[in-house]
Amino acid sequence: MEPRLIPCLIISTILGLQISQATPTLEHGLIDMISMFFCFIALAIIFTGKWSKAAMGLAIGYGFAWTGHYFFELNKPATFTYPALSLMGDLMLWFQIATLQLSP
């Protein structure tokens, strides 16, 4: 993963949390996910100048995760209901692996 995309992930996660708190009466999973996606792509263009790497990274990462959930674990991923919390969990897991607090 390109290091310049890390601020994009953090800012888009914060945006998703703010939207989920601002729209408590709506079914906000889809709204959060769409806003986080577009925020991440826009910030990736600003930070790296290319949107293709960011989009490819999201597609590959979430594609494998959703395939595993649907076909192997036979459940629905939390990304659809709580996308900001799901992304925060992904970032926390990545940080723990990167700092050797958790073995891969």
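Since this is a predicted model, take the numbers as computed values, not measurements.

A. Looking closely at the overall build of the protein chain. Across its full length, the protein chain carries 4 helices and 0 strands. Start at the N end of the protein chain and walk to the C end: the helices and strands fall as α-α-α-α. For the protein chain, with 104 residues in total, the buried portion stands at 30%. In the protein chain, the share of contacts with a sequence separation of at least 24, taken over all contacts with a separation of at least 6, comes to 57%. In the structure as shown, the protein chain presents an accessible area of about 7,000 Å², 73% of it carried by carbon and sulfur atoms.

B. Inspection of the nonpolar core at higher detail. One finds Leu5, Cys8, Phe40 and Ala54 to be the most contacted residues of the largest nonpolar core, which totals 14 residues. Counting residues per element, the ones that place at least two in this core are helix 1 (6-22), helix 2 (29-48), helix 3 (52-73) and helix 4 (83-98).

C. Just the environment of Leu5, in detail. Take Leu5: it is sitting in the segment before helix 1. Exposure remark for Leu5: the relative accessible area of 7% places this residue in the buried category. Counting along the chain gives 40 residues from Leu5 to Ile45, while the straight-line C-alpha distance between them is 9.6 Å. Sequence-distant contacts of Leu5, defined by excluding residues within four places in its chain, comprise Phe40, Ala44, Thr48 and Ala54.

D. Representation of unusual backbone geometry. The backbone of Leu74 sits at a positive phi, close to 55°, despite the residue not being glycine. With respect to the helices and strands, Leu74 occurs in the loop between helix 3 and helix 4.

E. Seen up close, helix 1. Taking 1.5 Å as the rise per residue, helix 1 with 17 residues should run 24 Å; its terminal C-alpha atoms sit 25 Å apart, in good agreement. Every buried residue of helix 1 is accounted for by Cys8, Leu9, Ser12, Thr13, Gly16, Ile19 and Ser20. On an axial view of helix 1, the arc spanned by its buried residues comes to 130°, and they lie on one face. Structural note: helix 1 exposes Gln21 and Ala22 on the side pointing more than 90 degrees away from its buried face.

Cut-off values and rules
- Residues numbered from 1 in each chain as written.
- Predicted model: local features only at pLDDT ≥ 70, side-chain atom pairs only at ≥ 80, totals over all residues.
- Heavy atoms only, no water.
- Helix = DSSP H or I, 4+ residues; strand = E, 2+ residues; numbered from the N terminus.
- Buried < 20%, exposed > 50% of the residue type's maximum accessible area, 1.4 Å probe, protein only.
- Contact = heavy atoms within 4.5 Å.
- Areas by Shrake-Rupley, 256 points an atom, 1.4 Å probe, with all protein chains shown as cover.
- Core = buried A, V, L, I, M, F, W, Y, C linked by side-chain atoms within 4.5 Å.
- Expected span 1.5 Å × (residues − 1).
- Arc of directions from axis to C-beta.

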